[in-house]
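# Fold and geometry: a report
Spelled out from the first residue to the last, the chains are:
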Amino acid sequence: MYYRSTPNRMHQEVLSFLLCTIANYIDSNGYPGEVYPGPFAVKLFHDRDDTVEPDMRHMRP
């Protein structure tokens, strides 16, 4: 079961801080990929149809 509620202001502030920190780390260290804020559908299992929407997602090219 997943807890699904509307994010509050503090949640969004933390998410924004983490997004910028992780994106800056990736860029400054030359790692491939990009960081995206949610919602972003992610399929956890290949044999199931359910998806989740994390707050952020790192995508490699």
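It should be emphasised that the depicted structure is a prediction, and the values quoted were computed from it without experimental measurement.

### Quick look at the overall build of the protein
When its secondary structure is counted, the protein shows one helix and four strands. Helices and strands in the protein line up, N terminus first, as α-β-β-β-β. A separation threshold of at least 6 residues defines the contact pool for the protein, and within that pool the share at least 24 residues apart is 32%. Total accessible area on the protein is roughly 5,500 Å²; 56% of this is exposed by carbon and sulfur atoms.

### Here we look at the confidence of the model for the protein
Should the pLDDT be low somewhere, the predicted coordinates at that spot are not to be read in detail. The predicted model of the protein averages 81 in pLDDT, with 84% of residues at 70 or higher. Looking across the protein, the model is least confident in strand β4 (residues 56-59), with a mean pLDDT of 66, and most confident in helix α1 (residues 9-28), with 91.

### So, α1
Taking 1.5 Å as the rise per residue, α1 with 20 residues should run 28 Å; its terminal C-alpha atoms sit 28 Å apart, in good agreement. Residues of α1 that are buried: Leu15, Leu19 and Ile26. Across the axial projection of α1, the buried residues extend over an arc of 40°, all falling on one side. When the buried face of α1 is taken as reference, the exposed residues oriented beyond 90 degrees from it are Arg9, Phe17 and Ser28. Between the side-chain oxygen of the N-cap and the backbone nitrogen of Met10 there are 3.2 Å, and the N-cap of α1 in question is Asn8.

### Considerations on the environment of Cys20
Assignment of secondary structure puts Cys20 in helix α1. When the C-alpha positions of Cys20 and Val35 are compared, they lie 8.7 Å apart, and in sequence the two are 15 residues distant.

### As for the environment of Asn8
Examined against the element boundaries, Asn8 turns out to sit in the segment before α1. Engagement of the side chain of Asn8 in a polar contact is seen with the backbone nitrogen of Met10, the distance being 3.2 Å. Engagement of the side chain of Asn8 in a polar contact is seen with the backbone nitrogen of His11, the distance being 2.8 Å.

Procedures and definitions
Residues numbered from 1 in each chain as written. Predicted model: local features only at pLDDT ≥ 70, side-chain atom pairs only at ≥ 80, totals over all residues. Heavy atoms only, no water. Helix = DSSP H or I, 4+ residues; strand = E, 2+ residues; numbered from the N terminus. Contact = heavy atoms within 4.5 Å. Areas by Shrake-Rupley, 256 points an atom, 1.4 Å probe, with all protein chains shown as cover. pLDDT = per-residue confidence, 0-100. Expected span 1.5 Å × (residues − 1). Buried < 20%, exposed > 50% of the residue type's maximum accessible area, 1.4 Å probe, protein only. Arc of directions from axis to C-beta. Polar contact = N/O pair within 3.5 Å; in protein donor to acceptor, adjacent residues only side chain to side chain.

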